[in-house]
Amino acid sequence: MNHGTPRPAQLEWLLAGTLHFGTWLASAAIGLGLALALLDSRFSAPKLAILRDMRIATIGIALLILLPVVRVVVMLIVYLRHRDYRFSAIALLVLTIILLGFTVGLAGSRHRNTPTSPTQVGRSLQVPDDSRESAHKAHICKDQPSSPIYVSNCIYETYDLGG
Amino acid sequence: MNSGFAIWLFAVSLGASALGGMLGMAGGIFIVPILVIFGHVDIHAAIGASLVSVIACSCGGAAPFLRSHLTNIRLAITLETATTLGALSGVFLFGVIPVSYLFSLFAAILLVSVQQMMARRGDPLGSSTAADTRRWGAALCLDSGYPEPALGTDIAYRVQRLPMGMMLMFGAGLISALLGIGSGVLKIPAMDTALRLPIKVSSATSNFMIGVTAAASAGAYFMRGDIVTAVAGPVALGSVVGALLGARILIRASNASIRLLFVVVLVALAAEMLLQAFGIGFSKGPL
């Protein structure tokens, strides 16, 4: 079973190692971030602690979400190196679809239907073509000094603290 | 952060992933209802956290399957084109579908899993199918074999009806993105009925695929800000530990009493999700 097909076996061990190592790395980051946030909330005002220290845990979650993407990239590289162009194309297609999903999410964050004005500000910031539009945009920005990203971050960070 | 709530989330996802791991699936199908019903977490936040948990289960549990050559990598990447496309469609629907529909759909999926758990899965028999059902599998060199320790040899298998399998996988990806589950419920019929894979291969390959499927939707929700770290962090940690434990405590899936326990739990969760769908759950926490 092992002498006939050395190449796929190599790929399997490479993927196993990537996933194993990646899972531990991401878990360590999440664990560290949560522990820091818990410790901090003991000694200071809890809401402020969340705002500062959930960042490491958030990075850990981002790492975990990226791990399967890295797995597809590893497969793409291995298939390319072995000149298996058909499966390189398939891996590239999967990668494109995933990245499209990320882009859709990023666009969705600007168009989010929050009842507050930041959404509208973000929307008008996106319309660049007309000069009248840009004048309009400047007007809105002047009226609302707080940047939209900051405001939406606040909503996101304090969203689950009620419990 | 409320440390008690974090520990509760950790414990729940540990238990759910360990139980799911014993049956060869991710724990998402338990995590979402428990978080919503007992933790009063908003269903969108629960789905986001559960998707992260699915990725953790998939990545944390993949290595042993890969090393023992049970995972069919070529088949997995081929089917992932369909599951990720389904997940992408789910992302578009996610914000549009009313919450009560999500609850009803979840209840329906829970009931379908009950039905599947009652029915025994067996290795698909007979390679009596005509050559044209194997055309795609042969063209992409997807046919493979896996080592069977009991026999000491490789068992070869052929991949059949790839187009039908791809369509079912699209549905599985869609459901996965909408409900935050690994969606083994749709993958199992796809693998058994359409592709006709041996059970060991289909479990390993399905586990390998759910990570990428969930990453497509979880990435979109993360960018959109729908994944709440205070919920998803403890859930992810619990799932990694639970998936490792579930793989260690090797309880046979044919064990009748464990199956019965699962059926009871799934029916209870389905009933409660239906009640929530109609707005008469016993509590509506405004977390």
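Just so it is clear, the model here is predicted, and its values are computed rather than measured.

## As for unusual backbone geometry
Even without being glycine, A:Arg83 reaches a positive phi, approximately 55°. Its place among the elements puts A:Arg83 in the loop between α2 (46-81) and α3 (85-110). Here B:His69, not a glycine, exhibits a phi torsion of approximately 60°, which is positive. When you line up the elements, B:His69 lands in the loop between α3 (43-67) and α4 (73-94).

## A closer look at the interface of chain B and chain A
Listed by partner, the interface residues are 55 residues for chain B and 54 residues for chain A. Of all the elements, helix α9 (residues 199-224) of chain B adds the most residues to the side of chain B that touches chain A, at twelve residues. In the side of chain B that touches chain A, the residues fall into 36 nonpolar, 14 polar and five charged.

## Considerations on the environment of B:Ala49
All names here are of chain B. Here Ala49 lies in helix α3. Residue classification places Ala49 among the buried residues on the basis of 34 C-beta atoms within 10 Å. The spacing of Ala49 and Ala232 is 183 residues in sequence and 4.1 Å in space, taken between C-alpha atoms. Setting aside anything within four residues of it in sequence, one finds Ala49 in contact with Leu35, Ile227, Val231, Ala232 and Val235.

## Focus: the packing of helix α7 (residues 162-179) of chain B against α9(B)
Residues and elements named next belong to chain B. Direction vectors running N to C along α7 and α9 enclose 50°, while the axes themselves pass 9 Å from each other. Here α7 lies oblique to α9, going by the angle between them. Seen from above, α7 lies across α9 with right-handed handedness. Between α7, through Gly173, Ser176 and Ala177, and α9, the contact on the second element is made entirely by Thr213, Ala214 and Ser217. Partitioning the contact of α7 with α9 into residue classes produces two nonpolar, four polar and no charged.

## Structural notes on the nonpolar core
Formed by 129 residues in total, the largest nonpolar core has its most connected members in B:Val52, B:Ile55, B:Ala218 and B:Ala236. Of all the elements, α3(B) adds the most residues to this core, at 16 residues. When sequence neighbours within four positions are dropped, the list of residues in contact with B:Val52 reads A:Ile61, A:Leu64, A:Ile65, B:Ala218, B:Ile227, B:Ala232, B:Val235 and B:Ala236.

## Points about the confidence of the model for chain B
Residues and elements named next belong to chain B. Averaged over all residues, the pLDDT of chain B equals 80, while 82% of them reach at least 70. Of all secondary-structure elements in chain B, the lowest mean pLDDT belongs to helix α6 (residues 135-139), at 67, while α4 reaches the highest, 91. Contacts for the low-pLDDT stretch residues 282-287, under 50 throughout, to residues beyond four places or in other chains number eight contacts. Scoring the predicted complex yields pTM 0.78 and, for the interface, ipTM 0.84.

## So, the packing of helix α2 (residues 28-37) of chain B against α3(B)
All names here are of chain B. Interhelical geometry of α2 versus α3 gives an angle of 150° and a closest axis separation of 9 Å. In terms of axis orientation, α2 runs roughly antiparallel to α3. When you trace α2 past α3, the crossing you get is right-handed. Here Gly28, Ile31, Val32, Leu35 and Val36 of α2 lie close against α3, whose contacting residues are Ile43, Ala46, Ile47, Ala49, Ser50, Ser53 and Val54. Taken together, the residues of the contact of α2 with α3 break down into nine nonpolar, three polar and no charged.

Cut-offs applied
- Residue numbers restart at each chain and count upward from 1, following the sequence in its written direction.
- All chains are assigned letters beginning at A, and all ligands numbers beginning at 1, according to the order in which they are written.
- The predicted origin of the model limits local features to residues at a pLDDT of at least 70 and limits the giving and counting of side-chain atom pairs to 80 or more, whereas totals for whole chains, interfaces and linings rest on all residues.
- Numbering of helices and strands runs from the N terminus, with a helix taken as a DSSP run of H or I at least four residues long and a strand as a DSSP run of E at least two residues long.
- What counts as a contact is two residues whose backbone-derived C-beta atoms lie within 7 Å of each other.
- Residues were grouped as follows: Ala, Val, Leu, Ile, Met, Phe, Trp, Tyr, Cys and Pro as nonpolar; Asp, Glu, Lys and Arg as charged; and all remaining residues, including Gly, as polar.
- To sort residues by exposure, count the other C-beta atoms lying within 10 Å of each residue's C-beta; 20 or more gives buried, 12 or fewer gives exposed, and values between give partly exposed, all with C-beta atoms placed from the backbone.
- In this analysis an axis means a line fitted to C-alpha atoms, helices contributing only their contacting stretch, and an angle means the value between N-to-C directions, from 0 to 180 degrees.
- Each angle receives one of four descriptions, namely roughly parallel if under 35 degrees, roughly antiparallel if over 145, roughly perpendicular if within 65 to 115, and oblique otherwise.
- Helix crossings get a hand from a simple test, with the near helix turned counterclockwise from the far one by less than a right angle marking a left-handed crossing and a clockwise turn marking a right-handed one.
- We define a nonpolar core as a collection of buried residues of the types Ala, Val, Leu, Ile, Met, Phe, Trp, Tyr and Cys that are connected via C-beta atoms lying within 7 Å of each other.
- Every residue gets a pLDDT, meaning the predictor's confidence in that residue, from 0 to 100.

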